[in-house]
Amino acid sequence: MRIDVLTLFPGMFAGPLGESMLKRAQEMGALTVALHDIRNHATDKHRTVDEPPYGGGGGMVMKPEPLVAAIEAVVPPGEGIPVILLSPQGRVFDQAAAFELAALPRWVLVCGHYEGVDERVRETAITDELSIGDYVLTGGELAAMVVIDAVARLLPGVLGDPTGATDDSHATGLLEYPHYTRPPVFRGLAVPDVLLSGHEANVNAWRRREALRRTWERRPDMLLNAPLSETDREFLLELAEEEIDRKRRQVRRG
Ligand code: 4HQ
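Because the structure is a prediction, the values reported are computed rather than measured.

**Overview of the overall build of the protein chain**
Scanning the protein chain from N- to C-terminus turns up 9 helices and 9 strands. Computed over its C-alpha atoms, the radius of gyration of the protein chain comes to 24 Å, more than 25% above the 18 Å expected for a compact globule of 254 residues. Seen through its principal axes, the protein chain has C-alpha atoms that stretch 75 × 50 × 40 Å. For the protein chain, with 254 residues in total, the buried portion stands at 38%. By sequence separation, contacts in the protein chain at least 24 residues apart represent 74% of the contacts at least 6 residues apart. When the accessible surface of the protein chain is totalled, it reaches about 15300 Å², and 52% of it is carbon and sulfur.

**Concerning the pairing of strand S6 (residues 106-111)**
Most of S6 is tucked away, with 5 of its 6 residues classed as buried. Sheet topology note: the strand S1 (residues 2-7)/S6 ladder contains 5 bridges and is parallel. Residue pairing in the sheet places Val5 in a bridge with Leu109 of S6. Relative to S6, strand S5 (residues 83-92) runs parallel, the two sharing 4 bridges. Pairing of Ile84 across the sheet is with Leu109, part of S6. The parallel pair S5 and S6, bridged by helix H4 (residues 95-102), forms a crossover whose chirality is right-handed.

**Concerning the sheet that holds S6**
Spatial strand order, S2-S1-S6-S5-S7: 5 strands in an open sheet with parallel pairing. Of all the strands in the sheet, the pair left with one neighbour each is strand S2 (32-37) and strand S7 (128-131). Put simply, the sheet's adjacent strands are angled 35° from each other on average, direction ignored. Pairing of S1 with S2, which is carried by 6 bridges, proceeds in the parallel orientation. Residue pairing for S2: Asp4 is matched across the bridge by Ala34. Contacting S1, S2, S5 and S6, helix H6 (residues 141-152) crosses the sheet at an angle of about 155° to S6.

**Focus on the side chain of Asp4**
Residue position: Asp4 is located in strand S1. Judged by its relative accessible area of 0%, Asp4 falls in the buried class. A polar side-chain atom of Asp4 sits 2.9 Å from a polar atom in the side chain of Arg106. Those residues in contact with Asp4 that lie beyond four places of it in its chain are Ala34, His36, Val74, Arg106, Trp107, Val108 and Leu109.

**Section: the layout of surface pockets**
In this structure, the largest pocket occupies an estimated 410 Å³ of space. Lining the largest pocket are 23 residues, with Leu86, Ser87, Pro88, Glu115 and Leu137 sitting closest to its centre. At the level of secondary structure, the elements contributing two or more residues to the lining of the largest pocket comprise S5 and S7. Looking at which element gives the most residues to the lining of the largest pocket, the answer is S5, with 5 residues. Its residues placed into classes, the lining of the largest pocket shows 11 nonpolar, 10 polar and 2 charged.

**Observations regarding the nonpolar core**
With 32 residues, the main nonpolar core has Leu31, Phe93, Trp107, Leu109 and Ile148 as its most contacted residues. For this core, the secondary-structure elements that each account for two or more residues are S1, helix H2 (20-28), S5, H4, S6 and H6. Broken down by element, the residue count for this core peaks at 8 residues, all from H6. Leu31 has contacts with Met1, Ile3, Leu22, Ala25, Gln26, Ile148, Ala152 and Leu155, leaving out every residue within four places of it along the chain.

Here is what the cut-offs are and how they apply
- Residues numbered from 1 in each chain as written.
- Predicted model: local features only at pLDDT ≥ 70, side-chain atom pairs only at ≥ 80, totals over all residues.
- Heavy atoms only, no water.
- Helix = DSSP H or I, 4+ residues; strand = E, 2+ residues; numbered from the N terminus.
- Rg over C-alpha atoms; globule rule 2.2 N^0.38 Å.
- Buried < 20%, exposed > 50% of the residue type's maximum accessible area, 1.4 Å probe, protein only.
- Contact = heavy atoms within 4.5 Å.
- Areas by Shrake-Rupley, 256 points an atom, 1.4 Å probe, with all protein chains shown as cover.
- Pairing = 2+ DSSP bridges.
- Right-handed = clockwise from strand over helix to strand, strands pointing away.
- Axes fitted to C-alpha atoms, helices over the stretch in contact; angles between N-to-C directions.
- Polar contact = N/O pair within 3.5 Å; in protein donor to acceptor, adjacent residues only side chain to side chain.
- 1 Å grid on protein atoms, 1.4 Å probe; cavity = no way out; pocket = protein on both sides within 12 Å on 5 of 7 lines; lining within 4 Å.
- Points joined across faces, edges and corners; volume = space filled by probe spheres on them.
- Nonpolar A, V, L, I, M, F, W, Y, C, P; charged D, E, K, R; others polar.
- Core = buried A, V, L, I, M, F, W, Y, C linked by side-chain atoms within 4.5 Å.

These values are about where atoms sit, not about what they do.
Below is the structure:
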């Protein structure tokens, strides 16, 4: 997979891309990230890339010419390669979006900075917009790195998991079950016996129930879309009944 990234601050990417799994993915040849400095496409002697907004209001807006020139310099026309702007106005990036991008051989990320980009950049050169969440960043660079990280770990071979990260939150549509490793007792807290039993079927059943319990408690909205077996539904019904009983006792206490 090849990802072209257009940014005014290519240096921001060195840390995340140069360590751990993203470094490995690139060394393996599973991932190529090509960084492009938008400022190289400015044409005046001050290499201007931003201007105050028409209509006033303060802040700076990225001017269209250098940004569109930068995009056109990396995107071969007519090949249907997605050009994605990171922006709070985009579709919210989730695991489903990560899977969609992981299936593409090539795509482009455009990082805005300052107050954002001239609207005509969207109209002429952007095919999609993605947001990493409902908060405001100083630029699209950190958002781009989040997207790259979430997609790269889905590429075959990158996690060393040939099946591709199958148990994690969001792959199952549920939050993850609790994880434990040595020692068996830490500060008086014991690892659940079933995990030490070596009984694989019981371990799997326990993990499934704990994943359901966590999702029920913390992210019940996720249960609307998660694929659930009849056994899962029965367990959720037990959790719901426990909650009803707690509420009844609470009401009785006043
Ligand atoms: N931005 N998800 C870039 C974001 C953002 C987000 C604000 C994008 C500033 C210039 N990007 N502009 N949230 O907050 O992707």
